[in-house]
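The chain contents come next:
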Number of protein chains: 2
Amino acid sequence: MTPKEDLQSILRPIEQYLIAVDEAIKSNLHTGINLLDDSSMHTFKKSGKKIRASMIILSSGLNNSIPDDIIDIACAAEIIHAASLVHDDIIDNADLRRGLPTVARLYGPKVAVLAGDYMYTKALEIAVWNNRTDLFPIMVDATIEMVKGELYQIQYSSIDKITEDHYYRIIEMKTARFMAACAKLGACVAKMNNEQADVLYNCGLQLGYAFQITDDAMDYLNNAEITGKDAGNDFINGKITLPLLRLLQIVGNKEKELLINYAKRPDNENWNYVLEKATEYNVVEYCINIAAEYVQKAVKLLSVFPDTQFKNVMTELALFFVDRRY
Amino acid sequence: MTPKEDLQSILRPIEQYLIAVDEAIKSNLHTGINLLDDSSMHTFKKSGKKIRASMIILSSGLNNSIPDDIIDIACAAEIIHAASLVHDDIIDNADLRRGLPTVARLYGPKVAVLAGDYMYTKALEIAVWNNRTDLFPIMVDATIEMVKGELYQIQYSSIDKITEDHYYRIIEMKTARFMAACAKLGACVAKMNNEQADVLYNCGLQLGYAFQITDDAMDYLNNAEITGKDAGNDFINGKITLPLLRLLQIVGNKEKELLINYAKRPDNENWNYVLEKATEYNVVEYCINIAAEYVQKAVKLLSVFPDTQFKNVMTELALFFVDRRY
């Protein structure tokens, strides 16, 4: 099985919900303005992993069954995530996303900026439907943190400034808090008590760390054909992530100086050298091991919930985060 | 007096509220991430016209006094407007805004995309503070319409496709509905009845048309020194607005063909020719007259409210919309 088929197989028990989320995304984003409909739906043309929707749906079912009104908020989370990708791809000047040209490449940066704005705003509108005032603050706060994280990453884009502490702070804001919010949103829709909601928030946080560390590690593997994304994207866009920080810790002083100089001129040639060294020093393996520790913490947190099918699925999903080859 | 001094003088009776709005913007946007704080506050460095905040504040006072809790929502409206400017300036590749370099010029497009995202999201968060579920839908709907309007404008950016009907639809979505929402938000905070809230929505709509038509007309005046914006910005960025549509209606067939060809290659040289013709045919005056009709409609609508100081100010503000030379 391919990793994508693996994931589909793991998520089979909530497949009907994920299909409903896809339909909700389509109907919610529709405006009748062709250029907007085409550009805002483009990211969904190839089905994404829908990790965030899955986290919401699975969390909501951990006590018993999944509430019917889970779809809207899961749809909102996927739209916000997609909006961030549309804007990221302008920022990073990326060519491919999910194996297709990015919105910015296909429709130009003007349309991409506006399509992302529309998606963010529409998703936040969905989050307050039915006067659910408890969901909106969680969702909007997580969105704000995500954007702040991206800016914090730009502020610490210099190899001379960034430390491992900064890196962890970046991925917490950029990814982990949004995943944490997703897990908590599921708890809120299912009307769980505060204690369970907090456990799920914390669990989502650990999974978010694991997810982003793995994602950053994958960018140091030469696997464009599998991922549909260019490898070395982060390095070339001046994003200093854990694999490089690790590499700098373990190489000799001379090598370190060379690598720092290469990171300051992140072109393709320098990337090839960095990739070679990263492979030589097994930094991807190191990162995946750290991610696996986060996954273990997350799985432990789930022990407060009864053993159910959805808990099994959530555990399998958590393990998949560090096992995925894409 | 300069137009800016004129406006300040008109708005003197609500000056204390506008100062409070400025302070609220500053404290709400603060994050502690320097790059984000600097870029998101940049647009507010030179005080803008604060038309939207003024509409909210004045509307809220039309029955008697201005409610104390008006500041947050007025602040949210100004931040959303500023966010749209930050993203517009990336899209239009503009150099100047309020006489200063744009956020995109100063911090680069990466930061500008994210700063705008942060501002939009933060403003929508402010709009739901204190569980005011009645305000958020108005605000978010207006924001969505604004973004849709911008995309609709890109969809109809071709001189062969756009009609006057499209133009009016664009400015309704892009500007008028947001101003209408501002007027209605004032009514909601002041707990006016639905009838009065609807009158104010309609009044704001008319003022929005007047405001945007005047703004588009001003771009056909050579007045960069006064406005702090480049003239011809719209034409050069492929935005077909009322002055050009009017010009095409009144020139002879040969001239029309030439102008259409120029609009398809909107460089500086062609702009100079279009500006010359626009001046010759008094299209700016034509547009201002249309805007003045919208203002008259708006002023008439205000007649349902008692004669108070705030109604006077709102009327003066409305008249200023078509009189402003910047």
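What follows covers the interface of chain A and chain B. Listed per partner, the contact involves 36 residues of chain A and 36 residues of chain B. Note on chain A versus chain B: buried area summed over both sides is about 3500 Å², and carbon and sulfur give 80% of it. In terms of surface lost to chain B, no three residues of chain A exceed Lys 110, Leu 114 and Leu 151 of chain A, which account for 18% of the buried area on that side. Taken together, the connections running from chain A to chain B amount to zero salt bridges. Breaking the side of chain A that touches chain B down by element, the ones donating at least two residues are α3 (34–42), α5 (70–91), α6 (103–127) and α7 (135–155) of chain A.

As a further point, take the environment of Leu 242 of chain A. All names here are of chain A. By secondary structure assignment, the location of Leu 242 is in helix α12 (residues 242–250). Linking Leu 242 and Tyr 294, residues 52 residues apart in sequence, is a C-alpha distance of 15 Å. Contacts of Leu 242, omitting those with residues within four sequence positions, involve Glu 164, Tyr 167, Tyr 168, Ile 213, Cys 287 and Ile 290.

The next thing to look at is helix α16 (residues 309–323) of chain B. Residues and elements named next belong to chain B. Over its 15 residues, α16 runs 21 Å from end to end, which matches the ideal 21 Å to within 8%, given 1.5 Å per residue. Where α16 is concerned, the buried positions are Phe 310, Lys 311, Val 313, Met 314, Thr 315, Leu 317, Ala 318, Phe 320, Phe 321 and Val 322. On its buried face, α16 is in contact with α1 (3–10), α4 (51–60), α8 (164–189), α9 (194–218) and α15 (283–301).

This part covers the confidence of the model for chain A. Predicted confidence across chain A gives a mean pLDDT of 93, with 96% of residues reaching 70 or more. For this predicted complex, the interface confidence reaches an ipTM of 0.93, while the overall pTM sits at 0.93.

Below, the discussion takes up unusual backbone geometry. Residue and element names in this part refer to chain B. One non-glycine residue with positive phi stands out, namely Lys 50, at about 50°. One can find Lys 50 in the loop between α3 (34–42) and α4. In this structure, Lys 191 takes a positive phi of about 55° despite not being glycine. Classification of Lys 191 by relative accessible area gives exposed; the value is 68%.

Residues and elements named next belong to chain A. In the structure shown here, the tally under the stated rule is 17 aromatic pairs over all chains. Both rings, one in Tyr 220 and one in Trp 271, keep their centres 5.1 Å apart while their planes meet at 75°; by these two values the pair is edge-to-face. Here the residue Tyr 220 occupies a position in the loop between α9 (194–218) and α10 (224–227), and Trp 271 occupies one in helix α14 (residues 268–280), the gap between them amounting to 51 residues. When its relative accessible area of 2% is taken as the criterion, Tyr 220 is described as buried. Taken together, Tyr 167, Tyr 168, Tyr 209 and Tyr 294 form an aromatic cluster joined through their ring pairs. One residue, Arg 169, lies across the ring of Tyr 152, its end atom 5.5 Å from the ring centre. One Lys or Arg, Arg 246, reaches over the ring of Tyr 286 and ends 3.8 Å from the middle of that ring.

Quick notes on the rules
Residues numbered from 1 in each chain as written. Chains lettered and ligands numbered in written order. Predicted model: local features only at pLDDT ≥ 70, side-chain atom pairs only at ≥ 80, totals over all residues. Heavy atoms only, no water. Contact = heavy atoms within 4.5 Å. Buried area = accessible area lost by both parts, 1.4 Å probe. Salt bridge = Lys/Arg side-chain N within 4 Å of Asp/Glu carboxyl O. Helix = DSSP H or I, 4+ residues; strand = E, 2+ residues; numbered from the N terminus. Expected span 1.5 Å × (residues − 1). Buried < 20%, exposed > 50% of the residue type's maximum accessible area, 1.4 Å probe, protein only. pLDDT = per-residue confidence, 0-100. Phe/Tyr/Trp six-rings, centres within 6.5 Å; stacked < 30°, edge-to-face > 60°. Lys NZ or Arg CZ within 6 Å of the ring centre and 35° of its normal.

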